[in-house]
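Reading the structure
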Amino acid sequence: MCASLRCPRLSAVALVLAVPLVATRASAQIDSTRADSLRRPTGLGTVVVTAQRRAESAQRTGVALSALTGTQLAERGVVSPFDLQRVVPSLEIEPAFGGGQPQYRLRGIGFNDYASNNSSTVGVYQDQVALPFPVQTQGLLFDVARVEVLRGPQGTLYGRNSTGGAINVVSQSPVNRREGSLQVGGGSFGAFDAEAMGNLPITSTVLARLAVATQQGGGWQRNRLTRESLGDRDQRALRAQVAWTPTLASRVKLIGSVEQDRGDAQGLLLFRDLATRGGAGATIPADVSSRNTGWALRPAFANILGVDASRKPGRDNRAGGLTVEASHTRRAFAVPSVTAWQTFRRREIGDWDASASAESDEAFYDDIRVFSQELRIASRDSARFEWLGGVYAAREALDARFYSDFADVPGLGAAARTQYGQRASVAALFGQVGLPLSAVWRLVGGVRMEYEHRQLDGLTTGFIAPAVTFVPPTNRSLLTRLPSAKLAFEYRPSSRTLAWVGVNRGIKSGGFTAYNTTNVAQLAAFAPERVDALEVGAKLQPTRSLRVNAATYLYDYRDQQVLSTVYDNVSRGPIGRIANAKRSRVLGMETEVVWEPARGVEIAPFAAVTGGTFREFFTTDAQASVAAGREVQRDFSGKRLPIPRVSLGGAATITRVLRSQLWRAQLSASYRDTQQASRVIFSPQYDLPSYTLVNATLTWQRASSPFTVELWARNLTGRQYDITRNFFLNAQVAAAGAPRTVGVRIRVSDTSR
């Protein structure tokens, strides 16, 4: 018998018990929002966002953004932030070596790093709280009100700065009525998921909400030798909220969350033959099927890690958070405050050589603690002259150990360990104003000043047995103190037209490369990067049934943070080091359209075109260094940035009510152009070929029933594709995309007024 916290069946029972009895008072409506839309004249609804830290229509917000509701996310198969790239233009997210460290890129602005210690170019926020370490951002999306993706540099409205953009995840808040919901689903490869929610008014001034979710199974990979499966999910999460309104002018909300991920890691495949032990061992042919992978732990290495040698690549990660939101409103202004404590424990084992050979088996042991405080004062929503000011402070602590098994690599033949601590203190002042110049023109200006001090403590790296130290405990520090700003002119001739032109500067702090190394030069801090962005955009709704949003942009990139290399004399090959490209340029455009040609029919395509080049960049040429057996420097000015030039996508939806039954069919697709690998490190064989993915959803609900049944298919055409290609020492590996999967989901909901 399995313990209740680890057994999928008992987890489902716990989900059912976590909410009020759902069927006690079934709603007699067919998903009222959808049904009402069929009865009234064709017209697009209003999407309310808080992208500018106030509630307003997305179409009246002078920012290039995409906003998707919780229902839209579910219908398009978005269950984690990683899936957002399939439904949002200009966004790419890659898992480093198939692991839990995501790499975000928006409009070509990204940062490649498989270590845990550096921040992302794209800020990710959960209920107004910044998640400063990318490894924190891959939790479950559940009980979500909406997700907002802001494109372009951010900073004058947010506590943390970013050069690429921001992703805001907004949870459903407690409401003043009793309601509950439960959904359970299953799919290919033994996948199982469940989610439940209960909302309860405790008193006239105190509201509570509890949401829980789990995802299990679904492992579609297999060991090429033993046929053992890999990739089963084992995630569960809980979020509890209590909202207290002591007076009409004051509100306090407490949000507590816990999450655990004990699932398998994604295995890598070999896209080139692997000659193990430097050619002295067996040669493993390149994988033909995208489902194939390989792994093994050497018993001695497993003993170092304190795990069983039969363990699969996987995770044992735990996250916890506590947030206190408080706000007080006066006649002319409001004062919101957000205080947050976060913890994250990462225990992750990966096999980066995709084989039983001990050429690059990896393990991360990280402990993260973050405290942050943001305090703002802002004009009321009804004010014609809008203004906002704020202060932000945070303290971040990371204690990290990174293990690598190189026992079968000639010249190494041992396990290595890198360990270090990192501390960061952040303080910022920021503000923005919106000043009407006339009946149709508006000036928007903002500024932000950030102070960030990072300290790398005691980084040391070397072999474990035999004990050899390559880098003794070393300290480094870095101070980032740079301003960012925004200036834009908005043109609002009518409620259905908004156009803007503006310049915006974004800053991303510098940091440290924290990999295994024998070269102390690798530990030199890399500088902050700066993006000066010129953007012209428009949001148009020429008719009640057509909406067109578009933007074009030109980025001047200074000191871009790029994954380069230094030459390692022990392994006789390149090892990663983050360097600064003096100047780069990015140019692109994007558009999103929503069109309702007939009642109950919606077509929503999007398109993006992005390109960029290094203007001034001199660094190590990894391929030439390997060929020469020494470090070779090269001028990469004029070379393309590793950005897919074209991305297309969208969804077509038909909703019909037939004989008191609601039918909803949706077909969605996304296309990703060929992505050229960075020529700083890679040759053309690492380029990612283009691919198209197609998803489908069919939903049914009866008028007198609270039950909804949903059939879904992901990657409907069964396309084989790679989402990353890389190498680690001798292995040339890729992380494959998931094959075709199908499933069913049943949802029951109740609302008691």
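Quantities reported herein were computed from a predicted structural model and do not represent experimental measurements.

So, how was this worked out
Every chain is numbered on its own, with residues counted from 1 as its sequence reads. Reporting of local features is limited, given that this is a predicted model, to residues whose pLDDT is at least 70; pairs of side-chain atoms are given and counted only at 80 or more, and all residues count toward the totals for whole chains, interfaces and linings. Side-chain metrics rest on all non-hydrogen atoms present in the structure, leaving aside hydrogens and water. Counting from the N terminus, the helices are the DSSP runs of H or I reaching at least four residues and the strands are the DSSP runs of E reaching at least two. What the globule rule says is 2.2 Å times the number of residues to the power 0.38, and the radius of gyration is computed from C-alpha atoms. Between buried and exposed lies partly exposed: a residue is buried under 20% and exposed over 50% of the maximum accessible area for its type, with that area taken using a 1.4 Å probe on protein chains only. Note on definitions: a residue-residue contact is assigned when non-hydrogen atoms from the two residues lie within 4.5 Å. The accessible surface values rely on the Shrake-Rupley method and a 1.4 Å probe; as for residues, cover is taken only from the protein chains in view. Counted as positive: Lys and Arg. Counted as negative: Asp and Glu. His and the chain ends are not counted at all. Note that the charge is assigned to NZ on lysines, CZ on arginines, CG on aspartates and CD on glutamates. What qualifies as a polar contact is a pair of N or O atoms within 3.5 Å, subject to a donor-acceptor requirement within protein and to the restriction that residues adjacent in sequence count only when both atoms come from side chains. Here, strands pair whenever DSSP counts at least two bridges between them. Salt bridge criterion: a side-chain nitrogen from Lys or Arg within 4 Å of a carboxyl oxygen from Asp or Glu. Each aromatic pair joins two rings of Phe, Tyr and Trp (for Trp, the six-membered one) with centres within 6.5 Å, and gets the label stacked for planes under 30 degrees apart, edge-to-face for over 60, and tilted for any other angle. Take the buried residues of types Ala, Val, Leu, Ile, Met, Phe, Trp, Tyr and Cys, join any two whose side-chain atoms come within 4.5 Å, and each joined set is a nonpolar core. For every residue, the predictor assigns a confidence score, pLDDT, that lies between 0 and 100.

1. Describing the overall build of the chain
- If you tally the helices and strands in the chain, you get 5 helices and 43 strands.
- In terms of overall dimensions, the chain is globule-like: its C-alpha atoms have a radius of gyration of 26 Å, near the 27 Å expected for 753 residues.
- Considered along the principal axes of its C-alpha atoms, the chain spans approximately 75 × 60 × 45 Å.
- Counting the 753 residues in the chain, one finds 57% classified as buried.
- Contacts in the chain between residues far apart in sequence, at least 24 positions, make up 67% of those at least 6 positions apart.
- Surface accessibility of the chain: about 29900 Å² in total, with carbon and sulfur atoms responsible for 57%.
- Of the charged side chains in the chain, 89 are positive and 63 negative; the average position of the first set lies 6 Å away from that of the second.

2. Notes on the side chain of Asn223
- Within the secondary structure layout, Asn223 lies in strand 14 (residues 221-223).
- A polar contact is formed between the side chain of Asn223 and the backbone nitrogen of Leu225, at a distance of 2.8 Å.
- In this structure the side chain of Asn223 is engaged in a polar contact, spanning 3.3 Å, whose partner is the backbone nitrogen of Thr226.
- For Asn223, the contacting residues outside a window of four places in its chain are Glu228, Thr293, Gly294 and Trp295.

3. Some remarks on the pairing of strand 42 (residues 731-736)
- Counting buried residues along strand 42, 6 of its 6 residues qualify, which places the element largely inside the surrounding structure.
- Of the two faces of strand 42, both are covered, the one formed by Ala731, Val733 and Ala735 as well as the one formed by Gln732, Ala734 and Ala736.
- Sheet topology places strand 18 (residues 269-270) next to strand 42; 2 bridges connect them, and they run antiparallel. Residue pairing across strands places Leu270 opposite Val733, the latter belonging to strand 42.
- Where strand 41 (residues 722-728) folds back onto strand 42 in an antiparallel hairpin, the turn is made up of 2 residues, including Leu729, whose phi is positive at roughly 55°.

4. Some words on the pattern of salt bridges
- All chains considered together, the criterion is met by 47 salt bridges.
- Measuring nitrogen to oxygen at the nearest pair gives 3.0 Å for the salt bridge that ties Arg236 to Asp234.
- Arg236 gets classed as buried once you look at its relative accessible area, which sits at 12%.
- Ionic contacts of the salt-bridge type, sharing partners, join the residues Arg54, Glu386, Arg442, Glu490 and Arg492 into one network.

5. A look at the packing of aromatic side chains
- Under the criterion given, the structure shown has 25 aromatic pairs.
- Between Phe97 and Phe728, the ring centres sit 5.7 Å apart and the planes meet at 80°, which makes this aromatic pair edge-to-face. Here the residue Phe97 occupies a position in the loop between strand 4 (91-95) and strand 5 (102-106), and Phe728 occupies one in strand 41, the gap between them amounting to 631 residues.
- Residue Phe97 is classed as buried on the basis of its relative accessible area of 9%.

6. Some remarks on the side chain of Glu529
- Within the fold, Glu529 resides in strand 31 (residues 529-543).
- Look at Glu529: it is buried, it has no salt bridge, and the nearest opposite charge is Lys508 at 5.9 Å.
- A polar side-chain atom of Glu529 sits 2.9 Å from a polar atom in the side chain of Thr163.
- In this structure the side chain of Glu529 is engaged in a polar contact, spanning 2.9 Å, whose partner is the backbone nitrogen of Gln561.
- Setting aside residues up to four positions removed in sequence, Glu529 forms contacts with Ile109, Thr121, Thr163, Gly506, Ile507, Lys508, Tyr557, Arg558, Asp559, Gln560 and Gln561.

7. Observations regarding the nonpolar core
- Leu84, Tyr114, Val147 and Ile167 are the most contacted members of the largest nonpolar core, which totals 50 residues.
- Elements with a contribution of two residues or more to this core: strand 4, strand 5, strand 7 (122-126), strand 9 (144-151), strand 10 (165-171), strand 39 (691-702), strand 41 and strand 42.
- Of all hydrophobic cores here, the second largest spans 26 residues; its members include Phe271, Val586, Phe636 and Ile681.

8. Thoughts on the sheet that holds strand 41
- Spatially, 18-42-41 is the arrangement adopted by the 3 strands of the open sheet, whose pairing is antiparallel. The two strands at the open ends of the sheet, each matched to only one other strand, are strand 18 and strand 41.
- Across 6 bridges, the pairing between strand 41 and strand 42 is antiparallel. Bridge assignment links Asn726 to a residue of strand 42, and that residue is Val733.

9. Regarding the sheet that holds strand 10
- Read from one edge to the other, the open sheet built from 5 strands follows the order 3-9-10-7-8, with strand pairing classed as mixed. Edge positions in the open sheet fall to strand 3 (65-69) and strand 8 (129-130), since each of these has one partner strand only.

10. Considerations on unusual backbone geometry
- A cis geometry characterises the amide bond from Ala465 onward to Pro466, with omega recorded as 0°.
- When you line up the elements, Pro466 lands in the loop between strand 28 (441-463) and strand 29 (468-494).
- In this model, Arg277 sits at a positive phi of 55°, which is unusual for a non-glycine residue.
- As for its placement among the helices and strands, Arg277 is situated in the loop between strand 19 (274-275) and strand 20 (283-284).
- A positive phi angle is found at Asp559, which is not glycine, with a value near 55°.
- Residue position: Asp559 is located in strand 32 (residues 546-568).

11. Here's the deal with the pairing of strand 11 (residues 178-187)
- In the sheet, strand 11 pairs with strand 12 (residues 191-201) via 9 bridges, with the strands oriented antiparallel. Its bridge partner being in strand 12, Leu182 is matched across the sheet by Ala196.
- Counting the residues in the hairpin turn of strand 11 and strand 12 gives 3 residues, including Phe189, whose phi is positive at 60°.

12. A closer look at the environment of Ser495
- By the element assignment, Ser495 lies in the loop between strand 29 and strand 30 (497-508).
- A sequence separation of 435 residues divides Ser495 from Arg60, and the C-alpha atoms of the two residues are 7.8 Å apart.

13. Topic: the confidence of the model for the chain
- Within the chain, residue pLDDT values average 89, and 93% of them lie at 70 or more.
- Low pLDDT, under 50, characterises residues 1-42; the predicted model gives this stretch 74 contacts beyond four residues in sequence or across chains.

14. A word on the environment of Ser257
- Mapped onto the elements of the fold, Ser257 is located in strand 17 (residues 250-261).
- The class of Ser257 is partly exposed, set by a relative accessible area of 30%.
- Between the C-alpha atoms of Ser257 and Glu450, which are 193 residues apart in sequence, the distance is 29 Å.
- The residues touching Ser257, leaving out its near neighbours within four places in the chain, are Leu238, Arg239, Ala319, Gly320 and Gly321.

15. A word on the environment of Thr543
- As for its placement among the helices and strands, Thr543 is situated in strand 31.
- Along the primary structure Thr543 and Phe82 are separated by 461 residues, whereas in three dimensions their C-alpha atoms are 34 Å apart.

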